[in-house]
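If you want the building blocks of each chain, they are given just below.
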Amino acid sequence: MNKKKLSHSGSLQSSVTSVLAALLCILIGLLVGFLVLVAINPAHAWGDGFVRIIKGGFHDAPYGVGKELANAAPLIMTGLSVAFAFKTGLFNIGAAGQYTLGAYGALYCAIMLKLPWFVCLLAAAVLGGLWGAIPGFFKAYFNINEVIACIMSNWIAASLVTWFFDVNSQLKNASEAGKVSYICKTTANGVATPKMFLDKLFPGSQVNGGIIIAAVIAVLVWVLMSRTTFGYALKSCGANRYAAKYAGINDKSCIILSMAIAGGLSGAAAALYWLSGNTEFFWSTYQSLPTEGFNGIPVALLAANNPIAVVFTGCFMSMLNIAGLQIKNLTAYNEYLTDIIIAIIVYLSSFSLVIKLMLTGKKKKTAVAAQDAAVPADDRTAAMPPESAAAEKEAD
């Protein structure tokens, strides 16, 4: 019973330390951003700059908040993808390519096949999972670094999707002049993610049920990783694949499945975004990779790879993105100021372990001092070796 209590208190303390480390990273990032605002234009640094960044979508609520939540859904999903891979000892930098394949799967099923939204979501997850399994296969059987394989797969996926859309004219928006490079909105076929009554809370905004679906998936990922033997096997393999293999775990299948699940989450992220019907897909994807795939990395880092925390960090990153657009359109500042803040937060998040050690070290010193103060002097000297006890008494 005492062991269970100690384990619970230890995990709770670790969680609190992780939260404090993340908050410290955010505060330092915001402070540096404020200093940059002051350096550019001191007169408007507070009201038009810093306060607007802090408010984010709340500056023009409820519309802005709804837009914030709509943009947070894909960030949460790609953050879960990266965090899941990190938890299993892998670095999924291929989320952008998996996201691109997922977008194609969702749009094709919605526009060409006119399937229900949840079938389109499943198709996107399957395509993303299959694409993510490829670097996992090379890692498992040929020990090829997954980072290199993922980077190559990103651009292959972008070129493939561009070709798929290029040869399929029925997907292109030919009805509007100048939009032949865009794919039709899924709402044209009546296929869209349900609003789940969120449009009543945030009228006139782009919000839909994607944020609720992303939050539910985050909880399921947490349960999978923390409360199942399958999740334990994946984490064990990530910690030491050879020790896991010695214990009877199939290390090769764990690696492939880890990357497949991570890819499925990235593919589902694209479905939640493009099935919302709020925007049109620009099919010439070879020109650039979707930023949502790479933005999942800071979301996961700031959340310390905790699936539940990813929901909050995804919303926070979405808030900064919305704030960047607001200060660009409504003030004299540039939108890239929020990118500076995000970059600093990400940079500090990479040192989160050092920050945790600093916080933990201070707590340990405080706990030791409190314990020494609580123990009487006679008891302390009785527990010491004879030489140390004599020295303690002479000192007194």
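For clarity, every value in this text was computed on a predicted model and none was experimentally measured.

1. A look at the overall build of the chain
Scanning the chain for helices and strands turns up 17 helices and 2 strands. The burial tally for the chain puts 45% of its 396 residues in the buried class. Of the accessible surface of the chain, which amounts to about 19800 Å², a share of 66% is contributed by carbon and sulfur atoms.

2. Concerning the packing of helix H3 (residues 63-87) against helix H12 (residues 291-302)
Packing of H3 against H12 leaves a shortest axis separation of 7 Å and a crossing angle of 65°. Remark: the crossing between H3 and H12 carries right-handed chirality. The segment H3 lies against H12, with Pro74, Leu75, Thr78, Gly79, Val82, Ala83 and Phe86 engaging Glu292, Gly293, Asn295, Gly296, Ile297, Val299, Ala300 and Leu301. The class makeup of the residues in the contact of H3 with H12 is 9 nonpolar, 5 polar and 1 charged.

3. A look at unusual backbone geometry
With a phi close to 55°, Asn143 is a non-glycine residue in the positive phi region. With respect to the secondary-structure elements, Asn143 resides in the loop between helix H5 (117-142) and helix H6 (146-167).

4. Focus on the packing of aromatic side chains
Inspection of the entire model under this criterion finds 14 aromatic pairs. On the numbers, 5.4 Å between centres and 40° between planes, the contact of Trp163 with Phe164 is tilted. Over the ring of Tyr242 we find Arg241, and its NZ or CZ is 5.7 Å from the ring centre.

5. Here's the deal with the side chain of Asn168
Relative to the assigned elements, Asn168 resides in the loop between H6 and strand S1 (182-183). Classification of Asn168 as buried rests on a relative accessible area of 15%. Leaving out residues up to four positions away in the same chain, Asn168 has contacts with Tyr108 and Met112.

6. Section: empty space enclosed by the protein
Overall, the coordinates contain 2 cavities of 30 Å³ or more when judged by the stated rule. The calculated volume of the second largest cavity comes to roughly 40 Å³. If you go around the second largest cavity, the residues you meet are Leu80, Ala83, Phe84, Lys87, Val221, Met225, Asn305 and Pro307. Those elements that provide at least two residues to the lining of the second largest cavity are H3 and helix H8 (210-227). Among the elements that take part in the lining of the second largest cavity, H3 stands out by supplying 4 residues, more than any other. Looking at the lining of the second largest cavity residue by residue, the class counts come to 6 nonpolar, 1 polar and 1 charged.

7. Describing H6
Between its terminal C-alpha atoms H6 stretches 31 Å, which fits the 32 Å expected from 22 residues at 1.5 Å a residue. All of the buried residues in H6 are Glu146, Ala149, Cys150, Ser153, Asn154, Ala157, Ala158, Val161, Thr162 and Phe165. Packed against the buried residues of H6 are helix H4 (95-111), H5, S1, helix H11 (251-274), strand S2 (281-282) and H12. The N-cap residue of H6 is Asn145: its side-chain oxygen and the backbone nitrogen of Val147 are 2.8 Å apart.

8. Comments concerning helix H14 (residues 336-349)
Given a rise of 1.5 Å per residue, 14 residues ought to cover 20 Å, and the 20 Å separating the end C-alpha atoms of H14 matches this to within 8%. Three or more residues of H14 are buried, namely Leu337, Thr338, Ile341, Ile342, Ile344, Ile345, Leu348 and Ser349. Viewed along the axis of H14, the buried residues span an arc of 160°, placing them on a single side of the element.

9. Focus on the side chain of Ser81
Tracing the sequence through the fold places Ser81 in helix H3. With near-sequence residues (within four places) excluded, Ser81 lies in contact with Asn92, Ala95, Gln98, Ala262, Gly263, Leu265 and Ser266.

10. Some thoughts on the environment of Lys185
Structurally, Lys185 is set in the loop between S1 and helix H7 (198-201). Assessed through its relative accessible area of 31%, Lys185 is described here as partly exposed. Measuring from C-alpha to C-alpha, the distance between Lys185 and Glu280 comes to 5.5 Å, with 95 residues separating the pair along the chain. Contacts of Lys185, omitting those with residues within four sequence positions, involve Gly277, Asn278, Thr279 and Glu280.

11. Notes on a nonpolar patch on the surface
Together, Ile134, Phe137, Phe138, Tyr141, Phe142 and Ile144 give the surface a local cluster of nonpolar side chains, amounting to about 540 Å² of exposed area. Mapped onto the elements, Phe138 comes out in helix H5.

12. A few points about the environment of Ser318
The residue Ser318 is located in helix H13 (residues 307-330) in this model. Judged by its relative accessible area of 1%, Ser318 is buried. In this structure, Ser318 is in contact with Glu68, Asn71, Ala72 and Leu75, ignoring residues within four places of it in sequence.

13. Considering the environment of Leu101
Locating Leu101 in the fold gives a position in helix H4. According to the relative accessible area criterion, Leu101 is buried, its value standing at 5%. In the structure, Leu101 is positioned 26 residues away from Leu127 in sequence and 6.1 Å away in space, judged by C-alpha atoms. Apart from residues lying up to four places away in sequence, Leu101 is in contact with Leu127, Trp131, Ala157 and Val161.

Calculation rules
Residues numbered from 1 in each chain as written. Predicted model: local features only at pLDDT ≥ 70, side-chain atom pairs only at ≥ 80, totals over all residues. Heavy atoms only, no water. Helix = DSSP H or I, 4+ residues; strand = E, 2+ residues; numbered from the N terminus. Buried < 20%, exposed > 50% of the residue type's maximum accessible area, 1.4 Å probe, protein only. Areas by Shrake-Rupley, 256 points an atom, 1.4 Å probe, with all protein chains shown as cover. Axes fitted to C-alpha atoms, helices over the stretch in contact; angles between N-to-C directions. Left-handed = near helix turned anticlockwise from the far one by under 90°. Contact = heavy atoms within 4.5 Å. Nonpolar A, V, L, I, M, F, W, Y, C, P; charged D, E, K, R; others polar. Phe/Tyr/Trp six-rings, centres within 6.5 Å; stacked < 30°, edge-to-face > 60°. Lys NZ or Arg CZ within 6 Å of the ring centre and 35° of its normal. 1 Å grid on protein atoms, 1.4 Å probe; cavity = no way out; pocket = protein on both sides within 12 Å on 5 of 7 lines; lining within 4 Å. Points joined across faces, edges and corners; volume = space filled by probe spheres on them. Expected span 1.5 Å × (residues − 1). Polar contact = N/O pair within 3.5 Å; in protein donor to acceptor, adjacent residues only side chain to side chain. Arc of directions from axis to C-beta. Patch = residues over 30% accessible without salt bridge, like charges linked within 9 Å, V, L, I, M, F, W, Y side chains within 5 Å. Salt bridge = Lys/Arg side-chain N within 4 Å of Asp/Glu carboxyl O.

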